[in-house]
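Observations on the three-dimensional arrangement
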Amino acid sequence: MAKDPRSQVQQVIDGRSKAETSAAATANIVNFQDWLFFGTEPDIFVNVGIVPTSSSIAVTYGLVVFQTPDKLILGNATIGTSNAQGGWAMNLALAMDNYSIQQFGDQIQAWAFAQIANGQSQYSSVQNFTVT
């Protein structure tokens, strides 16, 4: 994976469409859980838990993305560490304070990505939220 944080995010985003038809879409190295969406225009928020499926799995990188249903990326949040401990859960949150229903519509999506210490990775399914 790229070393530069912006390149790394773009690499993960670009890889999502390929992963939807590969093993990375169905890998079971982490669980993406407790999705929480809330807010109203213009302030919306999402939080997701990234939980290793085994106490020996160490999550080293996580990404959560907001996008429109036609896959226009609106924002992202990342976290990375070089000293992850096996079995430790990670929470990722992303807030937007400038969401416009007029510009983007009332539907927004979020998805997440995780990479573990041995380089394996997994994408979450796409989650949907209606903005009011």
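Residues numbered from 1 in each chain as written. Predicted model: local features only at pLDDT ≥ 70, side-chain atom pairs only at ≥ 80, totals over all residues. Heavy atoms only, no water.

If you look at the biggest cluster of nonpolar residues, it comprises 27 residues, and the most contacted ones within it are Trp35 and Phe66. Taken together, the elements giving at least two residues each to this core come down to strand 1 (30-40), strand 2 (43-52), strand 3 (59-67), strand 4 (73-80), strand 5 (90-96) and strand 6 (107-116). Ranked by size, the runner-up nonpolar core spans nine residues in total, among them Val12, Tyr61, Val65 and Trp111. (Core = buried A, V, L, I, M, F, W, Y, C linked by side-chain atoms within 4.5 Å. Buried < 20%, exposed > 50% of the residue type's maximum accessible area, 1.4 Å probe, protein only. Helix = DSSP H or I, 4+ residues; strand = E, 2+ residues; numbered from the N terminus.)

Okay, the packing of aromatic side chains next. Aromatic ring pairs are reported here in terms of the distance separating the ring centres and the angle at which the planes meet. Per the counting criterion, the structure on display carries seven aromatic pairs. Between the aromatic rings of Tyr99 and Phe104, the centroid separation amounts to 5.5 Å while the plane-to-plane angle is 35 degrees, which identifies the pairing as tilted. Its relative accessible area of 1% is what places Tyr99 among the buried residues. Ring pairing ties together the aromatic residues Tyr61, Trp111, Phe113 and Tyr123, which thus form one cluster. (Phe/Tyr/Trp six-rings, centres within 6.5 Å; stacked < 30°, edge-to-face > 60°.)

Considering the arrangement of structural elements, one finds Ile13 in helix 1 (residues 5-19). Linking Ile13 and Asn76, residues 63 residues apart in sequence, is a C-alpha distance of 9.9 Å. Ignoring sequence-local partners within four residues, the contact set of Ile13 consists of Val65, Ile73 and Trp111. (Contact = heavy atoms within 4.5 Å.)

Quick look at the environment of Asn98 now. Within the secondary structure, Asn98 sits in the loop between strand 5 and helix 2 (101-104). In this structure the C-alpha to C-alpha distance between Asn98 and Glu41, which are 57 residues apart in sequence, comes to 7.6 Å.

Another aspect to go through is the side chain of Arg16. Residue position: Arg16 is located in helix 1. Exposure remark for Arg16: the relative accessible area of 9% places this residue in the buried category. The contacts of Arg16, once residues within four sequence positions are left out, are Trp111, Ala112, Tyr123, Ser124, Ser125 and Val126.

What follows concerns the pairing of strand 1. Here nine bridges tie strand 1 to strand 2, and the two strands are oriented antiparallel to one another. Bridge pairing in strand 2 places Asn31 opposite Val51. Hairpin connection, strand 1 to strand 2: the antiparallel pair is bridged by two residues. (Pairing = 2+ DSSP bridges.)

On to the sheet that holds strand 2. With antiparallel pairing, the three strands of this open sheet are ordered in space as 1-2-5. Among the strands making up the open sheet, the edge pair consists of strand 1 and strand 5. Taken over all neighbouring pairs, the strand axes of this sheet differ in orientation by 15 degrees on average, direction set aside. (Axes fitted to C-alpha atoms, helices over the stretch in contact; angles between N-to-C directions.)

Below, the discussion takes up unusual backbone geometry. Note the cis peptide between Glu41 and Pro42, where omega equals 5 degrees. With respect to the helices and strands, the residue Pro42 is situated in the loop between strand 1 and strand 2. Backbone geometry places Asp34, a non-glycine residue, at a positive phi of 55 degrees. Tracing the backbone shows Asp34 in strand 1. On the basis of relative accessibility, which here comes to 61%, the residue Asp34 falls in the exposed class. Of note, the phi angle at Lys71 is positive, near 75 degrees, even though the residue is not glycine. Among the structural elements, Lys71 can be located in the loop between strand 3 and strand 4. Here Lys71 falls in the exposed class, since its relative accessible area comes to 52%.

None of the figures reported here should be taken as evidence of function without further support.
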